[in-house]
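# Survey of secondary and tertiary structure
Each chain, letter by letter, is given below.
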Amino acid sequence: MLIIHAVQKLLNTSRIETGQYITKPADGQLMHSWYARLFSSTFPGKLMVIYVHEPSLLTVVCRGKTIKGTWPEFVVRLPALLHRYHFHEAFITTEMKEANGYVVAKTNSRSMLAHMNQMIFQLEYDCSRFYSYETILLDLLEDRMMDHLYQSKLKGRLFTSAKEYWQDK
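Residues numbered from 1 in each chain as written. Predicted model: local features only at pLDDT ≥ 70, side-chain atom pairs only at ≥ 80, totals over all residues. Heavy atoms only, no water.

### Remarks on the pairing of strand 2 (residues 33-40)
- The buried fraction of strand 2 amounts to six of the eight residues, a majority that puts the element mostly inside the structure.
- As paired elements, strand 1 (residues 2-6) and strand 2 share four bridges and run parallel to each other. Paired with A6 across the strands is A36, a residue of strand 2.
- Sheet topology note: the strand 2/strand 3 (residues 47-53) ladder contains seven bridges and is antiparallel. Its bridge partner being in strand 3, A36 is matched across the sheet by Y51.
- From the end of strand 2 to the start of strand 3, which pair antiparallel, there are six residues, and T42 there has a positive phi angle of about 75°. (Buried < 20%, exposed > 50% of the residue type's maximum accessible area, 1.4 Å probe, protein only. Helix = DSSP H or I, 4+ residues; strand = E, 2+ residues; numbered from the N terminus. Pairing = 2+ DSSP bridges.)

### A word on the pattern of salt bridges
- Using the criterion set out here, one finds seven salt bridges in the structure.
- Note that R77 and D139 form a salt bridge whose closest N and O atoms lie 2.5 Å from each other. Pair noted here: R77 is in helix 2 (residues 67-84) and D139 is in helix 5 (residues 138-146), with a separation of 62 residues, a long-range link.
- Using a relative accessible area of 14% as the deciding quantity, one classes R77 as buried.
- Residue classification places D139 among the partly exposed residues on the basis of a relative accessible area of 36%.
- The partner of R77 in a salt bridge is E142, with the nearest N and O atoms 2.9 Å apart. Here R77, found in helix 2, pairs with E142, found in helix 5; they are 65 residues apart in sequence, far enough to count as distant. Across this residue pair, the class does not change: R77 and E142 are buried. (Salt bridge = Lys/Arg side-chain N within 4 Å of Asp/Glu carboxyl O.)

### Notes on the confidence of the model for the protein chain
- Looking at the protein chain as a whole, its pLDDT mean stands at 91, while 93% of the residues score no less than 70.
- Of all the helices and strands in the protein chain, strand 6 (residues 150-151) carries the lowest mean pLDDT, 84, while strand 4 (residues 59-63) carries the highest, 98. (pLDDT = per-residue confidence, 0-100.)

### Some details on the packing of helix 2 against helix 5
- Where helix 2 contacts helix 5, the two axes come as close as 11 Å, and the packing angle between them is 55°. Between helix 2 and helix 5, the interaxial angle falls into the category oblique. Considering only the axes of helix 2 and helix 5, their crossing is right-handed. Touching E73, R77, L81 and R84 of helix 2 are L138, D139, E142, D143 and M146, all from helix 5. (Axes fitted to C-alpha atoms, helices over the stretch in contact; angles between N-to-C directions. Parallel < 35°, antiparallel > 145°, perpendicular 65-115°, else oblique. Left-handed = near helix turned anticlockwise from the far one by under 90°. Contact = heavy atoms within 4.5 Å.)

In C-alpha cells form, the structure reads like this:
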C-alpha cells in the first residue's frame, strides 16, 4: 500500500477525503511515501498529475486531473521508469507488489512542496514546447526530472538528483 500526500487542489479535484490512519511501509519497502500535485500542461483544459517519491524525488508524470483517474497509469509508468534506469528486476517486482493500492493524506512537508513547485516550473516549460497535449512525451518529462538537481541531505553533497540518489542505494 502506498501513501499519497496530495495537495489541497488535487484533493478537491479528486473529491477525496484524507485518511485518518496512515499505513506503515511493508518490511523492506522503499517506495512507500509519494506526494502528488496537479499542474497545467499549458494546453487549455488539459492537466497532469505528478507523483514525487519522498525522499528521492523520483517523479512519475500522468495525464489527467484526479488521483483515481491517474492511478492505473501510475502503476504502469512507475515500473517502466524503473526499467529505463536499470533498477534490479527483484527491486521492481517487490515494490510493485506493494503498490496494490493507496491511502490519501494531506501534505505534511514544506520542503517537498517547495521541490515540487520548482519541478512544476520546469515541467510546464517543457510541456509548452510541444505542439499539442497529445504529443507531450511523458517519458521525456520523467527523464528530465531524474536529472533535476535539488539540495541534498546526503553527507558530503550540496546538490543531488533522483538518479544520483538511487545510484547510492
